[in-house]
Amino acid sequence: MASFRLAVISLLVATYAKRVVPGKIHVLTNENFEHDTQAATGATTGDWFVEFYAPWCGHCKQLAPTWEKLAKSLKKKVTVAKVDVTKNRLLGQRFSISGFPSLILFHHGKMYKYKGVRSPEALEKFALSGYKDAEGIDVPPEPSFIITVFMTLLDQYTALLDENIVLAMAVLCCISLVLALLCVGVIICCCDTPRPPSTAKAPSAPKDNAKVKKDQ
């Protein structure tokens, strides 16, 4: 059993090593976030320092070179990553991201929000040990399957809307039509559902005992 566990862990580490390049900023999405970070468990991939940003955010643009420098300085110590919340709303919702950039360190199933000066030295100190002085809260669990599907479709539709608004509106019209037809079908089925026959028996007519006797 011990050898089997060791083999599984080795496989996970090998897979992780192929996906993450030390010294480089790792891009996280709805699809790979939990697989790569294992944020809710903190099992085998170590600590992660993640920037939640928006492409239009001026402060995020100013932080970009500092974040790249931080990734190099924390090489093989802490994995530095980033999430575009405008394309991954599910993660923004899961971690209650309300402003940009939001910097969060994930360590052993806990998350620590950075609120200090955004200098390379201060960020590195926080990632290595300074987070211990911050308030740590439990990492929220992964959303349900329905919410995941809905938010993923919403992100894809938003991306399509940015690229081709005509096609996006056509897709929206088709989806609306399909939903309307489904609603009409459900209503018709409910209205046409036959009622079960009554099981009550009609009272039988009383026998004419006098007539029976006369006939005899």
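Scroll up a little and you will see the structure.
Residues numbered from 1 in each chain as written. Predicted model: local features only at pLDDT ≥ 70, side-chain atom pairs only at ≥ 80, totals over all residues. Heavy atoms only, no water.

A. Examining the packing of aromatic side chains more closely. Counted by the stated rule, this structure contains 10 aromatic pairs. With centroids separated by 5.2 Å and ring planes inclined at 50°, the aromatic side chains of F33 and F95 adopt a geometry described as tilted. Within this pair, whereas F33 is found in helix α2 (residues 33-37), its partner F95 is found in the loop between α4 (89-94) and β4 (102-107), the two being separated by 62 residues in sequence. Here F33 and F95 have matching classes, each one buried. Centre to centre, the rings of W56 and F100 are 5.7 Å apart; their planes meet at 90°, and the pair counts as edge-to-face. Highlighted residues: W56 in the loop between β2 (48-53) and α3 (58-73) and F100 in the loop between α4 and β4, separated in sequence by 44 residues. Overall, the relative accessible area of 60% leaves W56 in the exposed class. Through successive ring pairs, a cluster of aromatic residues spans F33, F52, F95 and F106. (Phe/Tyr/Trp six-rings, centres within 6.5 Å; stacked < 30°, edge-to-face > 60°. Helix = DSSP H or I, 4+ residues; strand = E, 2+ residues; numbered from the N terminus. Buried < 20%, exposed > 50% of the residue type's maximum accessible area, 1.4 Å probe, protein only.)

B. Geometry of the pattern of salt bridges. Applying the stated criterion to the full structure yields two salt bridges. The residue E34 makes a salt bridge to R94 at a minimum N-O spacing of 2.9 Å. Residue E34 is located in helix α2, and its partner R94 is located in helix α4; the two are separated by 60 residues in the primary sequence. By the burial criterion, E34 is buried, and R94 matches it. With a shortest N-O distance of 2.7 Å, K110 and D138 are connected by a salt bridge. With a gap of 28 residues between them, K110 in strand β5 (residues 110-114) and D138 in strand β6 (residues 136-138) connect regions that are remote in the sequence. K110 sits in the partly exposed class, given a relative accessible area of 31%. Among the residues examined, D138 registers a relative accessible area of 52% and is labelled exposed. (Salt bridge = Lys/Arg side-chain N within 4 Å of Asp/Glu carboxyl O.)

C. Up close: the nonpolar core. In terms of nonpolar packing, the biggest core is built from 17 residues, with F33, V50, F52, V83, F95 and F106 touching the most fellow members. Going through the elements one at a time, β2, β3 (79-84) and β4 are the ones with two or more residues in this core. Take this core: its biggest share by element is three residues, from β2. Counting 16 residues, the second-largest nonpolar core is a separate cluster that includes L63, A71, L74 and Y112. (Core = buried A, V, L, I, M, F, W, Y, C linked by side-chain atoms within 4.5 Å.)

D. Here's a closer look at the pairing of β4. Counting buried positions over the six residues of β4 gives six, a clear majority of the element. In β4, alternate side chains face the same way, and those of S102, I104 and F106 on one face and L103, L105 and H107 on the other are all buried. For β4 and β5, the ladder comprises five bridges, and the chain directions are antiparallel. Of the residues in β5, the one forming a bridge with L103 is Y114. (Pairing = 2+ DSSP bridges.)

E. The arrangement of the pairing of β3 in detail. Of all six residues in β3, five are buried; the element is thus mostly enclosed. Where strand β1 (residues 26-28) lies against β3, three bridges are found, and the strand directions are parallel. Its bridge partner lying in β3, L28 is registered against V83.

F. Up close: the environment of V139. Here V139 lies in the loop between β6 and α6 (145-163). As for V139 and K110, which are separated by 29 residues in sequence, their C-alpha atoms are 5.3 Å apart.

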